[in-house]
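Architecture and fold: a report
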Amino acid sequence: MKRPGNAAVWQHPYADILADALEKRLPGTSIVRLTPEEATRALADGSVEVALIPATSALSNSERFDVLPAFALSSWSYPYAQIYLARSLADFTAELVVPPDAAQESFVASVVLQEHYGKRVLAVPSEKVPGADVNHLWVGSDPQGAPTGSLDLGREWYELTNYPMVWGLLAMRRDEAGDAMIRAASDIAALCDRRRDHLGTAVHPEVAMFAEEDLRFRFDDLATASLTELADYLFYYSGTDQPPELNLVSLKAATPDADGDHLPVV
């Protein structure tokens, strides 16, 4: 099996689980830590061969990316993206200041506020950190830095749809995902499941608890249903002709690789 030279995972501490699984399943691969949007750009321009990219990016760019099966990063809550309201929902004003490099989180926040609370949103990108008197979307790698009293975006999505929010999918550039890499994705998902409690003592206890209790790695029926909801909202809000679909690749051959390159998971 040809090993990808570089793989991009996100900077959030919980992504250590995926980085560890990639290194074990694809020895010799260099792991690059990027923001979700940076990972998408790096995959598109060829800086990396495989990347964890936002689900919205995968849905909106199916002509550019192959999505690997078996692995989907989802969660029932998500302390890494939170909606801060300066006042009560009853006094909500339309503007929501959002980070300019957090397209998926900004979209989900707009959907949640309109569909769950009936509040129309005008997303205003800004690199400046807003004050406590401004409605804004907080996105970061350290949940301890989130404003007090914010709405957890993952929990809000779950309350709206009854499904865990799918944040990221493993992807490669179009037509570059061979059978061996497709098989590897299943092993990577299984390894992540097995090592969700191995983040170590360096991370905050709340991060470790999130990984153990709320984080999911399987592209299962719940993830599929959540992605269908997300695609429907992308269709509804974008005004395209039809809901976007993932370019989810599958095995092209029924026989194992010639080198038998498949990691048993026990």
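The structure displayed is predicted, hence computed values, not measured ones.

**A few points about the overall build of the protein chain**
Each helix and strand in the protein chain was counted, giving eight helices and 11 strands. Relative to the globule expectation of 18 Å for 266 residues, the C-alpha radius of gyration of the protein chain, 19 Å, shows essentially globular dimensions. C-alpha extents for the protein chain along the principal axes are approximately 65 × 50 × 30 Å. The buried share of the protein chain, reckoned over its 266 residues, is 51%. If you take every contact in the protein chain between residues at least 6 apart in sequence, the share linking residues at least 24 apart comes to 83%. Accessible area of the protein chain: about 12100 Å², with a carbon and sulfur share of 50%. Charged side chains of the protein chain number 21 positive and 39 negative; the gap between the two group centres comes to 3 Å.

**Examining the side chain of Ser106**
For Ser106, the position within the fold is in helix H4 (residues 103-116). Reaching out from Ser106, the side chain makes a polar contact with the backbone oxygen of Ala102 at a distance of 2.8 Å. Apart from residues no more than four positions distant in its own chain, Ser106 is found in contact with Val98, Pro99 and Leu137.

**Comments concerning the pairing of strand E1 (residues 6-10)**
Across a regular strand the side chains alternate sides, sitting on one face of the sheet and then on the other. When you tally the buried positions in E1, you get four out of five residues, the bulk of the element. Traced from E1 through helix H1 (residues 16-25) to strand E2 (residues 30-34), the parallel crossover comes out right-handed. Taken together, the two bridges between E1 and strand E3 (residues 50-54) define a ladder with parallel strand orientation. Looking at E3, one finds that Ala8 is bridged to Ala51.

**Observations concerning the nonpolar core**
Membership of the largest hydrophobic core comes to 78 residues, with the highest contact counts inside it found for Leu68 and Phe71. Counting residues per element, this core draws most heavily on helix H6 (residues 179-194), at eight residues. Sequence-distant contacts of Phe71, that is, excluding residues within four places in its chain, are made with Leu18, Leu52, Gly168, Leu169, Leu170, Ala185, Ile188, Ala189, Cys192, Phe217 and Phe219.

**Here we look at the packing of aromatic side chains**
All told, the structure shown has 13 aromatic pairs when counted by the stated rule. On the numbers, 6.2 Å between centres and 65° between planes, the contact of Tyr78 with Phe210 is edge-to-face. Here Tyr78 is found in the loop between strand E4 (65-75) and strand E5 (81-84), whereas its partner Phe210 is found in helix H7 (residues 205-213), with 132 residues between them in sequence. The class for Tyr78 is buried, based on a relative accessible area of 1%. Overall, Phe210 belongs to the buried group, its relative accessible area being 5%.

**Considerations on the confidence of the model for the protein chain**
Residues of the protein chain with pLDDT of at least 70 account for 91%, and the chain-wide mean is 88. Across residues 254-266 the pLDDT falls below 50, and counting only partners more than four positions away or on other chains, this stretch makes 19 contacts in the model.

**Digging into the sheet that holds E1**
Strand order in the open sheet formed by six strands is E2-E1-E3-E10-E4-E11, and the pairing between neighbours is mixed. On the outer flanks of this sheet lie E2 and strand E11 (215-218), each paired with one strand and no other. Here the strands of the sheet are splayed against their neighbours by 30° on average, with no regard to which way each runs.

Conventions adopted
Residues numbered from 1 in each chain as written. Predicted model: local features only at pLDDT ≥ 70, side-chain atom pairs only at ≥ 80, totals over all residues. Heavy atoms only, no water. Helix = DSSP H or I, 4+ residues; strand = E, 2+ residues; numbered from the N terminus. Rg over C-alpha atoms; globule rule 2.2 N^0.38 Å. Buried < 20%, exposed > 50% of the residue type's maximum accessible area, 1.4 Å probe, protein only. Contact = heavy atoms within 4.5 Å. Areas by Shrake-Rupley, 256 points an atom, 1.4 Å probe, with all protein chains shown as cover. Lys, Arg positive; Asp, Glu negative; His and termini not counted. Charge placed at Lys NZ, Arg CZ, Asp CG, Glu CD. Polar contact = N/O pair within 3.5 Å; in protein donor to acceptor, adjacent residues only side chain to side chain. Right-handed = clockwise from strand over helix to strand, strands pointing away. Pairing = 2+ DSSP bridges. Core = buried A, V, L, I, M, F, W, Y, C linked by side-chain atoms within 4.5 Å. Phe/Tyr/Trp six-rings, centres within 6.5 Å; stacked < 30°, edge-to-face > 60°. pLDDT = per-residue confidence, 0-100. Axes fitted to C-alpha atoms, helices over the stretch in contact; angles between N-to-C directions.

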